[in-house]
Amino acid sequence: MRKLKCLALVLAVILLLECTYCVAVFTDWVPPLSDLRYQFIETALGTMNHKWLATALIPGDVVLAVKKEMDAARDSQTGQNSGTWETTDLPQNRDFFQLFPELDEAAFRAWAPVSEEELDKFYVNHSGLDEAGLDLYTLQGDQVLAIDAKNGLLVIRIREEMFRGVLILGKDPGRLSCAAAESWGEIGQTAGQIAAANNALVALTASGFEADGPEGAYQTGAAMCGGTVYGSHLKSGYKRLELRSDDRLYVVDAPMEFHPDCTDATEWTPALIIDGEIVVTKEDHYNARNPRCCLGQKKDGTVLMLCIEGRYLDSLGATAPECSEILARYGAYQAMNLDGGTSAICWYQGEYITRCSDPDIPEGRRLPNVWLYG
């Protein structure tokens, strides 16, 4: 009798698991389960080497249906392009609190009672992976990791329930550029190597690359670095982020020819914010939870460089809509998602301040190019 009861319990558990699997995979009766199904498929398909995970656990026709919806969401961004900026010259000789309006003056002065002369060259950096950051927070509620008044840099810890990362605000858009690996087309370089070769302060992952061949060798999409074009344009549905001679970023369709005033650019998907409007939501099938890099700009010219860690127990990764919300919180007027996954990494002042999703390569993958703040 005891054996029969144990057998009945095992069969009941198996039946329950089968029923749960069928409901989760084939129906939308339980929204949390169907949301997890979509998120799992989108996350798997968004990786370079682990797309097989989707079909290993879920029937191919279900995966194909989700992929079609993802493709439709990507294609729906075609034609959504930046308009003309209402450009204004950035004020010269801004004082510290005009330079960093994200900081509360009273809270800062209580934390660091320094003279006005010291404010002009104020520098503190606790952004290292083993450092706890500063006991100082932005008006948006995020912890400050580093301040460099001379170079107009503010480094912020982004921490949400499902992920953590960094956001770097660069106050001088004239320092932004895209730089290619010295051995472009043969093999890439790490973000830190490219940054060091260009005397930069910040480096952020930019273009993606194909898996076949050496890391970083076969760049995905076209890029422009200091006026030199690398690669060829992506197809319809993909977007390009262009930096033009007015030191402003523009989001345009990838197949378009480069604007005559474009100096630096990379292509990927999706656009996140165009002319101040968020253009991706969780209903748009951009809910893959992955490591991510994003680049944006505020209307006053401030550059926003966001890097989210992923595939760790304490940071699973972020969705594209979540990145949009973070950038919008800091006033982004234009913003686009860059290459992510294992490639996503941020380098600052000689060290990596985010973790590569592969702990065996703490310096990250070799990349075809990076966005720099010089």
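Residues numbered from 1 in each chain as written. Predicted model: local features only at pLDDT ≥ 70, side-chain atom pairs only at ≥ 80, totals over all residues. Heavy atoms only, no water.

Student: What am I meant to see in the sheet that holds strand E6 (residues 202-205) here?
Tutor: Hydrogen bonds along the backbone pair up the strands of a sheet, which may run parallel or antiparallel. A sheet is described by the order of its strands in space; here 5 strands give the open sequence E5-E19-E6-E17-E18, paired in antiparallel fashion. Where the open sheet ends on each side, the last strands, each with one partner, are strand E5 (176-180) and strand E18 (351-352). Taken together, the 4 bridges between E6 and strand E19 (residues 369-373) define a ladder with antiparallel strand orientation. Within E19, the position partnered with Leu204 by the bridge is Trp371. (Pairing = 2+ DSSP bridges. Helix = DSSP H or I, 4+ residues; strand = E, 2+ residues; numbered from the N terminus.)

Student: When you look at the packing of aromatic side chains in this model, what are you seeing that I'm missing?
Tutor: One pair of aromatic rings is described through two measures. These are the centre distance and the angle between the planes. With the rule as written, the count across this model stands at 11 aromatic pairs. Look at Phe97 and Phe108: their rings are 5.7 Å apart centre to centre, the planes differ by 80 degrees, and that puts the pair in the edge-to-face class. Taken together, the positions of Phe97 in helix H5 (residues 96-99) and Phe108 in helix H6 (residues 105-111) put the pair 11 residues apart, joining distant regions of the chain. Residues Trp111 and Phe122 carry aromatic rings whose centres are separated by 6.2 Å and whose planes lie at 65 degrees to one another, so their mutual orientation is edge-to-face. (Phe/Tyr/Trp six-rings, centres within 6.5 Å; stacked < 30°, edge-to-face > 60°.)

Student: I'm lost on the pattern of salt bridges in this one. Help?
Tutor: Pairs can form between side chains of opposite charge whenever their charged atoms are close. Overall, the coordinates contain 17 salt bridges when judged by the stated rule. A salt bridge links Arg74 to Asp75; its shortest N-O distance comes to 3.5 Å. Since its relative accessible area comes to 11%, Arg74 is described here as buried. Judged by its relative accessible area of 37%, Asp75 is partly exposed. (Salt bridge = Lys/Arg side-chain N within 4 Å of Asp/Glu carboxyl O. Buried < 20%, exposed > 50% of the residue type's maximum accessible area, 1.4 Å probe, protein only.)

Student: Even after reading the chapter, I still don't get the pairing of strand E4 (residues 164-170), so can you show me in this structure?
Tutor: Every regular strand shows the same layout, with side chains that alternate between the two sheet faces. For E4, the tally of buried residues reaches 7 of 7 residues, placing the bulk of the element in the interior. Inspection of the sheet shows strand E3 (residues 153-159) paired to E4 by 7 bridges, in the antiparallel sense. Along E4, the bridge assignment pairs Val155 with Ile168. Bridge count between E4 and strand E15 (residues 303-308): 6 bridges; the pairing is antiparallel. Of the residues in E15, the one forming a bridge with Leu167 is Leu306.

Student: So what exactly am I meant to see when it comes to the sheet that holds E3 here?
Tutor: If you walk across this open sheet you meet the 9 strands as E1-E2-E3-E4-E15-E14-E16-E12-E13, and the pairing is antiparallel. Both outer strands of the open sheet, strand E1 (123-125) and strand E13 (277-278), are each paired with one neighbouring strand and no more. Bridging between strand E14 (residues 292-298) and E15 involves 6 bridges; their strand directions are antiparallel. If you follow Cys294 over to E15, its bridge partner there is Leu306.

Student: Just to check I follow, could you spell out the nonpolar core for this structure?
Tutor: In this structure, Phe96, Phe108, Ile147 and Leu327 are the most contacted members of the largest nonpolar core, which totals 38 residues. Only H5, strand E2 (143-148), E3, E4, strand E12 (271-274), E15, helix H9 (320-329) and strand E16 (332-337) provide two or more residues apiece to this core. No other element matches the 4 residues that H9 contributes to this core. Excluding anything up to four places from it in sequence, Phe96 contacts Leu103, Phe108, Leu119, Phe122, Ile147 and Ala149. Counting 34 residues, the second largest nonpolar core, distinct from the first, contains Ala206, Val251, Tyr348 and Trp371. (Core = buried A, V, L, I, M, F, W, Y, C linked by side-chain atoms within 4.5 Å. Contact = heavy atoms within 4.5 Å.)

Interpretation in functional terms is not warranted from these geometric data alone.
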